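# Reading the structure
Here is how the chains run, residue by residue.
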Amino acid sequence: MSSQQKHRIQVPDGLRDVLLEFSIAYLLEQPGDVIDYAVEFFSKLQENRKTTMITSAEPASPDESIMSHEEEPLVNRYASRRKSVFAETYDPENDDDDDGARAIFPKTDEQRARLCDSVKNILLFRSLDKEQMNEVLDAMFEKKVKAKDYIIKQGDDGDNFYVIESGVYKAYVGEDQKHIHTYENSGSFGELALLYNMPRAATIQAETEGQLWAMDRQTFRRILLKSAFRKRKMYEALLDAVPMLKTLQSYERMNLADALVPRTYAKGERIIKQGDVADGMYFIEDGKVSIRIQQDVGEVEISDLEKGQYFGELALVTHRPRAASAYAVDNVKVAFLDVDAFERLLGPCMDIMKRNIGDYESQLLKIFGSKNNISDIR
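Residues numbered from 1 in each chain as written. Predicted model: local features only at pLDDT ≥ 70, side-chain atom pairs only at ≥ 80, totals over all residues. Heavy atoms only, no water.

Before going further, it helps to spend a moment on the overall build of the protein. Helix and strand counts for the protein stand at 14 helices and 16 strands. Burial statistics for the protein: of 378 residues in total, 42% are counted as buried. Contacts spanning at least 24 positions in sequence make up 76% of the contacts within the protein whose residues lie at least 6 apart. (Helix = DSSP H or I, 4+ residues; strand = E, 2+ residues; numbered from the N terminus. Buried < 20%, exposed > 50% of the residue type's maximum accessible area, 1.4 Å probe, protein only. Contact = heavy atoms within 4.5 Å.)

Another point: the sheet that holds strand S6 (residues 188-189). If you walk across this open sheet you meet the four strands as S1-S8-S3-S6, and the pairing is antiparallel. Edge positions in the open sheet fall to strand S1 (141-145) and S6, since each of these has one partner strand only. Against the sheet, helix H9 (residues 217-240) makes contact with strand S3 (160-166) and strand S8 (210-216), and its axis sits at roughly 70 degrees relative to S8, the strand it touches most. (Pairing = 2+ DSSP bridges. Axes fitted to C-alpha atoms, helices over the stretch in contact; angles between N-to-C directions.)

A word on the packing of aromatic side chains. On inspection of all chains with the given rule, the structure shows eight aromatic pairs. Measuring from centroid to centroid gives 6.3 Å for Tyr169 and Phe189, while their planes differ by 50 degrees, and the two rings are tilted. Taken as a pair, Tyr169 in strand S4 (residues 168-173) and Phe189 in strand S6 lie far apart in primary sequence, 20 residues in all. Accessibility classification places Tyr169 together with Phe189 in one group, the buried group. One cation-aromatic arrangement involves Arg263 over Phe336; the distance from NZ or CZ to the ring centre is 3.7 Å. A cation over an aromatic ring shows up here: Arg292 above the ring of Tyr327, its NZ or CZ 4.3 Å from the ring centre. (Phe/Tyr/Trp six-rings, centres within 6.5 Å; stacked < 30°, edge-to-face > 60°. Lys NZ or Arg CZ within 6 Å of the ring centre and 35° of its normal.)

It is worth spelling out the environment of Tyr235 at this point. Looking at where Tyr235 falls in the secondary structure, it is placed in helix H9. The sequence separation of Tyr235 and Ala259 amounts to 24 residues, and the corresponding C-alpha distance is 9.8 Å. The residues touching Tyr235, leaving out its near neighbours within four places in the chain, are Ala257, Leu260, Val261, Pro262, Glu285, Val334 and Ala335.

Here Gln111 lies in helix H6 (residues 109-119). Side-chain polar atoms of Gln111 contact the backbone nitrogen of Thr108, separated by 2.9 Å. Beyond its immediate chain neighbours, meaning those up to four positions away, Gln111 contacts Pro106, Glu142 and Trp213. (Polar contact = N/O pair within 3.5 Å; in protein donor to acceptor, adjacent residues only side chain to side chain.)

What follows covers the nonpolar core. Nonpolar side chains tend toward joint burial in soluble globular proteins. Leu245, Leu256, Met281, Phe283, Leu337, Phe342 and Leu346 are the most contacted members of the largest nonpolar core, which has 26 residues in total. Broken down by secondary-structure element, the contributors of at least two residues to this core are H9, helix H10 (250-259), strand S11 (280-286), helix H11 (313-318), strand S16 (332-338) and helix H12 (339-345). In this structure, Leu256 is in contact with Leu239, Leu245, Leu248, Leu337, Leu345 and Leu346, ignoring residues within four places of it in sequence. In terms of nonpolar packing, the next biggest core, distinct from the first, is built from 18 residues, Ile122, Phe125, Trp213 and Met215 among them. (Core = buried A, V, L, I, M, F, W, Y, C linked by side-chain atoms within 4.5 Å.)

With phi around 50 degrees, Gln177 is a residue other than glycine that occupies positive phi space. Relative to the helices and strands, Gln177 is located in the loop between S4 and strand S5 (178-184). Here the phi dihedral of His319 falls at roughly 60 degrees; this positive angle occurs in a residue that is not glycine. In this structure, His319 sits in the loop between H11 and strand S15 (325-328). Overall, His319 belongs to the exposed group, its relative accessible area being 64%.

The next point concerns helix H7 (residues 130-139). Within the sequence span of H7, burial applies to Met133, Glu135, Val136, Leu137 and Ala139. Among the structural elements, H6, S1, S8 and H9 are those in contact with the buried residues of H7.

The two faces of a sheet get side chains in turn, since along a regular strand they alternate between them. Among the seven residues that make up S8, six are buried, leaving the element largely enclosed by the rest of the structure. Summarising the sheet, S1 and S8 pair through five bridges and their orientation is antiparallel. The partner of Lys143 across the bridge, within S8, is Leu212. In this sheet, S8 lies alongside S3 in antiparallel orientation, the contact comprising six bridges. Its bridge partner lying in S8, Phe161 is registered against Met215.

These figures capture arrangement, not role.
Structure below.
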């Protein structure tokens, strides 16, 4: 059995259906907190299932509807779910088309600056490295709209993904075209149909004049989906080599891999500064990092780290300022985990990291000779 076959997991239709319902609901309603929304969504889904099971066990009266429009599954209401749609879902693992022609739409410096500002907070672009981000900027094209223009219509095939630069846009769903969300001068839409190869799940209409940036289906898939897949595989391999993370379950390492963000630093560049408030921790993908602490004679190196090692976790565990500075010895590529994701995902490793604090202090004692000499560092 090949390693590819060994790691392939068959996703049950039932799971795929439920996750698709949740994805549609979340992307359409854009709630503030995904966890709270997920709890509410699946609790309601469970209650609806119980109700349906009870009512289906009793004879229905002629004037009694088994399921009201409000109880009908979201996918049925919003997307006319079809089995063939799921069969066509994009699989980046089996997409070997790396040499296809890349879409490039020339832009002025002013246009590129505006586009950069529009996409900087788009979650889909968060995991892209600099080269991939430039490819995204090259591939997007301007689309000016007038008030009452329809950008996408529910039931149509998905052609483009859209990022809003300016204007007000309303989202409508269902046969009665119920208004469910308003976008005001920011945000993005249209990714759902491209992710799942399904008809548009909602109608988006411009309320005012505005400007959008669009990306075609093929480019969206090749850059965003395939890069996300490769990023996960690469980071999973990186994390598998970190002894501290052996205590995590496989799915926990997958979640951790998805939360990592690539960062690069040039030779000699400071990555973190002693005394600063910690914003996250770092896993080294490539290159070497020098860890130094400030003393009366200047900065003193206490260790050097390389690929597969990590740093920056000490301040997150102790909730104190950075105990040391870190510098790129050569060109360095790291995977960054922000403080929120650290607290959410690395709970099972906390005891190990606390034990590492003792190892860190022992290392300092060997260098400086006494605890008095390192009291200002702790």
